[in-house]
Amino acid sequence: TPDSRVILEPAGALAVAGLKKHVEENHITGSTFVAITSGANMDFNRLRVVSERADDSERSLEITIPETPGAFRAMYSKIWPR
């Protein structure tokens, strides 16, 4: 839809980068993690650079939450604590 925000901005991708670093530094295997990401300020020139560096080790999950106060927190409470 026109209102979809499907491309992360660089700052929004910090959750993924931090999680990946944590897993690598602590030699964690056999676990499932969730990184909450946000943002949609990505232009197509930057997207090209990012896509050239991508691999297939991550998966996406699409959800829709209402644009109302507290909606993000309500969604997050379904994920954490496990």
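Residues numbered from 1 in each chain as written. Predicted model: local features only at pLDDT ≥ 70, side-chain atom pairs only at ≥ 80, totals over all residues. Heavy atoms only, no water.

Draft legend 1. Here's a closer look at a nonpolar patch on the surface. A grouping of L61, I63, I65, F72, Y76 and W80 is seen on the molecular surface, where their side chains present a nonpolar patch of about 650 Å² in accessible area. Among the structural elements, I63 can be located in the loop between α2 (44-53) and α3 (71-79). In this structure I63 comes out as partly exposed when scored by relative accessible area, which is 47%. (Patch = residues over 30% accessible without salt bridge, like charges linked within 9 Å, V, L, I, M, F, W, Y side chains within 5 Å. Areas by Shrake-Rupley, 256 points an atom, 1.4 Å probe, with all protein chains shown as cover. Salt bridge = Lys/Arg side-chain N within 4 Å of Asp/Glu carboxyl O. Helix = DSSP H or I, 4+ residues; strand = E, 2+ residues; numbered from the N terminus. Buried < 20%, exposed > 50% of the residue type's maximum accessible area, 1.4 Å probe, protein only.)

Draft legend 2. Summary view of the packing of aromatic side chains. One pass over the full model with this rule turns up one aromatic pair. A ring pair is formed by F72 and Y76, whose centres lie 6.4 Å apart and whose planes are at 15°; its orientation type is stacked. In this pair, F72 and Y76 both sit in helix α3, four residues apart, roughly one turn of the helix. Judged by relative accessible area, Y76 falls into the partly exposed class, the value being 34%. (Phe/Tyr/Trp six-rings, centres within 6.5 Å; stacked < 30°, edge-to-face > 60°.)

Draft legend 3. Main features of the environment of A15. Looking at the element boundaries, A15 is found in helix α1 (residues 14-25). Linking A15 and V34, residues 19 residues apart in sequence, is a C-alpha distance of 9.2 Å. Sequence-distant contacts of A15, defined by excluding residues within four places in its chain, comprise A35, I36 and T37. (Contact = heavy atoms within 4.5 Å.)

Draft legend 4. Seen up close, the confidence of the model for the protein chain. Summing up the model confidence of the protein chain, the mean pLDDT is 77 and the portion of residues at 70 or higher is 71%. Within the protein chain, the element-level pLDDT minimum falls on α2, averaging 71, and the maximum on α1, averaging 88. (pLDDT = per-residue confidence, 0-100.)

Draft legend 5. Inspection of the pattern of salt bridges at higher detail. Tallying each qualifying case throughout the model produces one salt bridge. Among the ionic pairs, E25 bridges to K21, the shortest N-O distance being 3.7 Å. Placement of both E25 and K21 in helix α1 is noted, with a separation of four residues, approximately one turn of the helix.

Draft legend 6. A look at α1. Counted at 1.5 Å a residue, the expected span for α1 with its twelve residues is 16 Å, and the 16 Å between its end C-alpha atoms agrees. A positive backbone phi angle near 50° is found at H27, which sits one or two residues after α1. (Expected span 1.5 Å × (residues − 1).)

Draft legend 7. Structural context of the environment of T37. Among the structural elements, T37 can be located in the loop between α1 and α2. Each C-alpha atom, one on T37 and one on V16, is 7.3 Å from the other, the two residues being 21 residues apart in sequence.

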